[in-house]
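For reference, the chains in residue letters:
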Amino acid sequence: MNISIFGLGYVGAVSLACLARDGHDVIGIDVDLAKLALIREGRTPIVEEGMVELMRDVAVSGRASVTDNVQAAVLGSEISMICVGTPSAANGSQDQSALVRLAHDLGRSLREKSASHVFVFRSTMVPGTVEDVLTPIIERESGKTNGVGFHVAFQPEFLREGSSIRDYDKPPFTIVGAATEAPVAALRGLFGHLPGDFVQTSIRTAEMLKYSCNNFHALKITFANETARLCQGLGVDPFEVMDLLSRDRQLNISPAYLKPGFAYGGSCLPKDLRATIHLAKMCDVDLPMHGAIAASNRVHVDHAIAKVMESGKRRIGMVGLSFKTGTDDLRESPLVQVTEHFIGKGLDVLVYDPEVHLSKLLGANRRFIEQHVPHIGSLLRQELADVVSGSDALVLGLNDRMTVDLLRPLVRDDHVIVDLVGVPERESLRGRYVGLCW
Ligand SMILES: NC(=O)c1ccc[n+]([C@@H]2O[C@H](COP(=O)([O-])OP(=O)(O)OC[C@H]3O[C@@H](n4cnc5c(N)ncnc54)[C@H](O)[C@@H]3O)[C@@H](O)[C@H]2O)c1
């Protein structure tokens, strides 16, 4: 395939070298003429393991060339990969000036081309940039229509500096955000042989995914370092702790706890986090990330409360009360916090939770609910039907299929349904559906 690559920094230079190595004819374009000169001489513009040898081989193969002429590159290729930098502006926003300038040049160049062309954006960019910013510029400048005269895609790059070539050859997955088939087919041809799943999604999802991945990596590093600082304060070996933590593939290094839903609560997480923060203070160790977790959790509870209050309904049916589905543990349940708030605002509240039977609640669990919702007995109903018929807004905090099946024939068209957990088959419920985060 004939490929043009715009921006020959860490991402672009490695892509150019690897694609040429794999037998494609690649044209590299950069505004930095020094980089073009280096590549022309078979030298690498970046310091990266394996790049010296690879660039030398690529030069010998004759499959890579460079130019600063955008039009020649677009006319001489079927597909363009855009890898220019997207640094931070002074206020933290993304500086898209290089992308925007290039989009104008690409559009103007496309005007002269009769065949269709594929633009694959690989620079990291805030969600919406491809569809709302760059595509309209290309359409305007080229006089062509997206999806006909040209196609766009966003393919996030997952390589890490220091191991770029190895990461290129073994990505975690290949994600292609596209609204038309042409770029997907082209990218499958280029990258379909690589290990890892090849996943097609929307452009915005792919753009957002790249940010989420990087933010998650930053979060993990910070978590490990904060844990290590606390370990040091306590005289515990942080390497052993983190090594053992990573060996739990069921709950720790796994999809567990990574599904959006409602706030955490229960008898362990809130109290153990509080104890950790207290312990850190005792050791004079600062843990800002751990310290922010409970505040963020509270924001999620407040978000749920706001969604219900916005409905304007005054008769609220709580479907679920315990801190998670399948338990009767009410201690520090965020659903209890929500219920307390509604009662405090003078709303009428009814509660259904198949696991919660007042007569069976014992010890700390019973004391907790009696302290927070003293007249819980008068709010609890054994039958879901009684809660549904006596309320105008339903707050769903149980995410099991059985509850949804029970709920389906009972819900009225005028019910507002505020789903905190992402119940299964939510589209089958009547009423006005309000998702907490979906
Ligand atoms: N570096 C990484 O490990 C990495 C990994 C994944 C994603 N990314 C993302 O990929 C993008 C590129 O990152 P990088 O580290 O390769 O950047 P870089 O700064 O090393 O290289 C960017 C290149 O783009 C060139 N450029 C600027 N304007 C241009 C134009 N109009 N036409 C042609 N070339 C132009 C610059 O001269 C430079 O050589 C960024 O959005 C980055 O966030 C980087």
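Residue indices begin from 1 for each chain and proceed along its sequence in written order. The predicted nature of this model means local features are confined to residues of pLDDT at least 70 and side-chain atom pairs, given and counted, to a pLDDT of 80 or more, with totals for whole chains, interfaces and linings taken over all residues. Computation of side-chain values covers all heavy atoms of the structure but excludes hydrogens and water.

Further remarks concern the site of the ligand. One heavy atom within 4 Å of a molecule or strand makes the whole residue count as near it. Near the ligand you find 22 residues, and of these V11, D30, K35, T86 and E161 are the closest. For the ligand, an oxygen atom lies 2.9 Å from a polar atom in the backbone of V11. Here a polar contact means two N or O atoms within 3.5 Å. Within protein one must be a hydrogen donor candidate and the other an acceptor candidate, and residues neighboring in sequence count only if both atoms are side-chain atoms. In the environment of the ligand, a nitrogen atom lies 2.8 Å from a nitrogen or oxygen atom belonging to the side chain of E161. The method behind every accessible area is Shrake-Rupley, applied with a 1.4 Å probe, and residues are considered shielded solely by the protein chains displayed. Out of a free accessible area of 830 Å², the ligand has 79% covered by protein chains. Strands here mean DSSP runs of E at least two residues long; helices mean DSSP runs of H or I at least four residues long; both are numbered from the N terminus. Sorting the residues of the shell around the ligand by element identifies helix 1 (10–21) and helix 5 (97–111) as the ones contributing at least two each. Grouping the constituent residues of the shell around the ligand by class yields ten nonpolar, six polar and six charged. Here the term charged refers only to Asp, Glu, Lys and Arg, the term nonpolar to Ala, Val, Leu, Ile, Met, Phe, Trp, Tyr, Cys and Pro, and the term polar to all other amino acids, Gly among them.

A separate point is helix 6 (residues 129–142). Across its 14 residues, helix 6 extends 18 Å between first and last C-alpha, which sits within 8% of the 20 Å expected from 1.5 Å per residue. One fitted axis covers the seven residues ending at a residue, a second covers the seven starting there, and the bend at that residue is the angle between these axes. At T135, helix 6 is deflected by roughly 35°, the largest bend along its length, and proline P136 occurs up to four residues later in sequence. Of all the residues in helix 6, the buried ones are T129, V130, L134, T135, I137, I138, E141 and S142. Against the buried residues of helix 6 lie helix 5, strand 5 (117–121), strand 6 (150–154) and helix 9 (203–234). G143 occupies a position one or two residues after helix 6 and carries a positive phi of about 75°. Here the expected length of a helix is defined as 1.5 Å per residue gap, with one fewer gap than residues. Per-residue accessibility, obtained with a 1.4 Å probe over protein chains only, is compared with the maximum for each type, and a residue is labelled buried under 20%, exposed over 50%, and partly exposed between these values. A contact between two residues is defined here by any heavy atoms of the two lying within 4.5 Å.

Mapped onto the elements, G326 comes out in the loop between strand 9 (315–319) and helix 13 (334–344). Among the residues examined, G326 registers a relative accessible area of 55% and is labelled exposed. Separated by 29 residues in the primary sequence, G326 and E355 place their C-alpha atoms 6.6 Å from one another.

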